[in-house]
Amino acid sequence: MVRTLSPKRILSANCKAPEEIEPYLSGGLIDSSMISSSHSSIDIPVNNPMNDAVRNSMNNSVNNSVENMSSSSIINSIGMEFVLVPAGEFDMGSPIREKRRKLWESPVHRVTIEKPFYLGRYPVTQEQWQKVMGNNPSYFKGENHPVENVSWNEVQIFFRKLNALENPGGNNRIFRLPTEAEWEYAARAGTSTAYFFGDDESKLKEHAWFLGNSGLETHPVGLKKPNPWGFYDIYGNAGEWVQDEYHISYKGAPADGKAWESSFPSVSIPVRIRRGGGWNGNAGCCRSAERLFASQDKRLNSLGFRAVREV
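Please read these numbers as outputs of a predicted model, since none were measured by experiment.

## A closer look at the nonpolar core
Ranked by internal contacts, the top residues of the largest apolar core, which has 37 residues, are Tyr195, Leu204, Phe231 and Tyr235. Looking at this core, the elements that each hand over two or more residues are strand 3 (81-85), strand 4 (88-92), strand 5 (109-113), strand 6 (117-120), helix 5 (180-188) and strand 9 (271-275). Ranked by residues supplied to this core, first place goes to helix 5 with 5 residues. If you look at the next biggest cluster of nonpolar residues, it comprises 26 residues, including Tyr118, Leu165, Phe175 and Trp241.

## Looking at the environment of Glu206
On the secondary structure map, Glu206 appears in the loop between helix 5 and strand 8 (239-245). Remark: the alpha-carbon pair of Glu206 and Lys224, spanning 18 residues in sequence, is separated by 6.0 Å. If sequence neighbours within four positions are ignored, Glu206 has contacts with Lys224 and Lys225. A polar atom in the side chain of Glu206 sits 2.9 Å from the side chain of Lys225.

## Re the sheet that holds strand 11 (residues 303-305)
In a beta sheet, neighbouring strands are held together by backbone hydrogen bonds and run either parallel or antiparallel to one another. Taken in spatial order, the 4 strands make up an open sheet running 10-9-8-11, and their pairing is mixed. Single-partner strands in this sheet number two, and they are strand 10 (292-295) and strand 11. Each adjacent strand pair in this sheet contributes to an overall mean axis angle of 50 degrees, direction not counted. Across the face of the sheet, helix 4 (residues 152-166) comes into contact with strand 8, strand 9 and strand 11 while running at roughly 90 degrees to strand 8.

## Comments concerning the state of the cysteines
Tallying each qualifying case throughout the model produces 0 disulfides. In this structure Cys285 is not part of a disulfide, and its nearest cysteine sulfur, from Cys286, lies 6.6 Å away. A relative accessible area of 0% places Cys286 in the buried class.

## Regarding helix 5
Across the 9 residues of helix 5, 9 count as buried, placing the element largely inside the fold. Of the residues making up helix 5, those classed as buried are Glu180, Ala181, Glu182, Trp183, Glu184, Tyr185, Ala186, Ala187 and Arg188. Just downstream of helix 5, Ala189 is the residue with a positive phi angle, here 50 degrees.

## Remarks on the pairing of strand 10
Neither face of strand 10 is open: one carries Leu292 and Ala294, the other Phe293 and Ser295, and all of them are buried. Sheet topology note: the strand 9/strand 10 ladder contains 4 bridges and is antiparallel. Paired with Arg274 across the two strands is Leu292, which belongs to strand 10.

## Side note on the packing of aromatic side chains
The geometry of two aromatic rings is summed up by the distance between their centres and the angle between their planes. For the structure shown, the criterion picks out 17 aromatic pairs. Their ring planes at 80 degrees and their centres at 5.3 Å tell us that Phe140 and Trp279 sit as a pair that is edge-to-face. With Phe140 in the loop between helix 3 (126-133) and helix 4 and Trp279 in the loop between strand 9 and strand 10, this residue pair connects regions lying 139 residues apart in the sequence. With a relative accessible area of 0%, Trp279 lands in the buried category. Members of the aromatic cluster, each reached through a chain of ring pairs, are Trp129, Phe158, Phe159 and Phe305. Seen from the ring of Trp209, Lys224 lies directly overhead, with NZ or CZ sitting 4.2 Å from the centre.

## Considerations on empty space enclosed by the protein
Within this model, the largest cavity holds a volume of roughly 60 Å³. Tallied by class, the residues present in the lining of the largest cavity amount to 6 nonpolar, 1 polar and 3 charged.

## Regarding the pattern of salt bridges
The final tally for this structure, using the stated rule, is 21 salt bridges. Close ionic contact of Glu98 with Arg287 constitutes a salt bridge, the shortest N to O distance being 2.7 Å. One end of the pair, Glu98, is in the loop between strand 4 and strand 5; the other, Arg287, is in the loop between strand 9 and strand 10, with 189 residues separating them in the sequence. Taking the relative accessible area as the measure of exposure, Glu98 reaches 9% and is therefore buried.

## Observations concerning the pairing of strand 9
Burial of strand 9 is extensive: 5 of the 5 residues sit out of reach of the surface. Bridge analysis of strand 8 against strand 9 gives 3 bridges, and the strand direction is antiparallel. Of the residues in strand 9, the one forming a bridge with Trp241 is Arg274.

## Thoughts on unusual backbone geometry
The omega angle of the peptide bond from Ser106 to Pro107 is -10 degrees, so this bond is cis rather than trans. Inspection of the secondary structure puts Pro107 in the loop between strand 4 and strand 5. Backbone geometry places Asn149, a non-glycine residue, at a positive phi of 65 degrees. Structurally, the position occupied by Asn149 is in the loop between helix 3 and helix 4. For Leu216, which is not a glycine, the phi torsion comes out positive at approximately 60 degrees. Secondary-structure assignment places Leu216 in the loop between helix 5 and strand 8.

Thresholds applied
Residues numbered from 1 in each chain as written. Predicted model: local features only at pLDDT ≥ 70, side-chain atom pairs only at ≥ 80, totals over all residues. Heavy atoms only, no water. Core = buried A, V, L, I, M, F, W, Y, C linked by side-chain atoms within 4.5 Å. Buried < 20%, exposed > 50% of the residue type's maximum accessible area, 1.4 Å probe, protein only. Helix = DSSP H or I, 4+ residues; strand = E, 2+ residues; numbered from the N terminus. Contact = heavy atoms within 4.5 Å. Polar contact = N/O pair within 3.5 Å; in protein donor to acceptor, adjacent residues only side chain to side chain. Pairing = 2+ DSSP bridges. Axes fitted to C-alpha atoms, helices over the stretch in contact; angles between N-to-C directions. Disulfide = S-S within 2.5 Å. Phe/Tyr/Trp six-rings, centres within 6.5 Å; stacked < 30°, edge-to-face > 60°. Lys NZ or Arg CZ within 6 Å of the ring centre and 35° of its normal. 1 Å grid on protein atoms, 1.4 Å probe; cavity = no way out; pocket = protein on both sides within 12 Å on 5 of 7 lines; lining within 4 Å. Points joined across faces, edges and corners; volume = space filled by probe spheres on them. Nonpolar A, V, L, I, M, F, W, Y, C, P; charged D, E, K, R; others polar. Salt bridge = Lys/Arg side-chain N within 4 Å of Asp/Glu carboxyl O.

Okay, here's the thing in C-alpha cells:
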C-alpha cells in the first residue's frame, strides 16, 4: 500500500496537546443560545474476518465476549463489517472521582438501549468512503486508514448514498451514525471504568493511537487490541462523529438511547458531538465518557466516523 503525505503537515484546529479542547459557551464554537446503483445488498455472516496481519498484531488471549460477539457479525456489499450489539442498560457519563473527567460529562444517568443494533467493527475507511462517494478527502492517505477531514453534513450524504446502494428502490434508513448513547454503550462494552480495560491509562497504548504513540498521524485500522465486544480503534486514531447535538450537560438527555437533537431549526450552525479522542488527543480524550464537539460543517483531520446498521 502506498501512502502519500503532503510535505507540510497542518494539524487540526482542535489539536491542543497535551489537553485537547474545552467547550466555548459564548463567542466561539458553541453559541450561548445552545445552552438553554447496480449493487445489491449483501450481508455476509462472518466468524473471523481479520486478515493475517491484523490477527498477528493482536494478543493471542482474546476476551471470551469478543469470541461470542464475533459470531454475530455481517459484512455489507462494500466490505464494511458490523458487530451485533445487544440491547441493555448502562450508566452514561463519568463519576466525580474519574481522573480527567469534564463537567459536561455529568450527571451520570441510566440509559436503556431498547433495541439491538449492528455497529462497525472498525471506523469507516478511506477505501469504503471512496466506493460510495467517489473521492477521498482525507489528509493522511491510506486505503485502510480511517477516513477523516469529513464534516458531519458530508457524513449524512455518505449514508444517503450507502442506503441507496444497499437498498435500491427502497426507502429504509438502514445505515446511519450511532447516537451518542449507542457509541458509549458499545465503547464501554459492559464496563464502568474510565476505559474498557480499567482505570490505568498506561495500558492505552495497547488499544489506541493517541498523542503518546501516534507520531501525529492516523494508522491503518485494526492494529491495536479491540474492546471486549470486538470493536477496534474506538479510542484514538480518528475521533468519531455521532448523531447528537452538543448540550452543556446531560440534564434532560433521552433515557432511551436515541439521539438528542433539537426539534426546531437553529439560527446558527448546529454543533455535534465527537467521541473517542484521536491521534492528536491525550489519554484523557480517549476515555469512554469523554465528549468533544465540532460545528457540523467542520472538517478536521482528526475526525471521522463509525457506522450503525439497523437490525
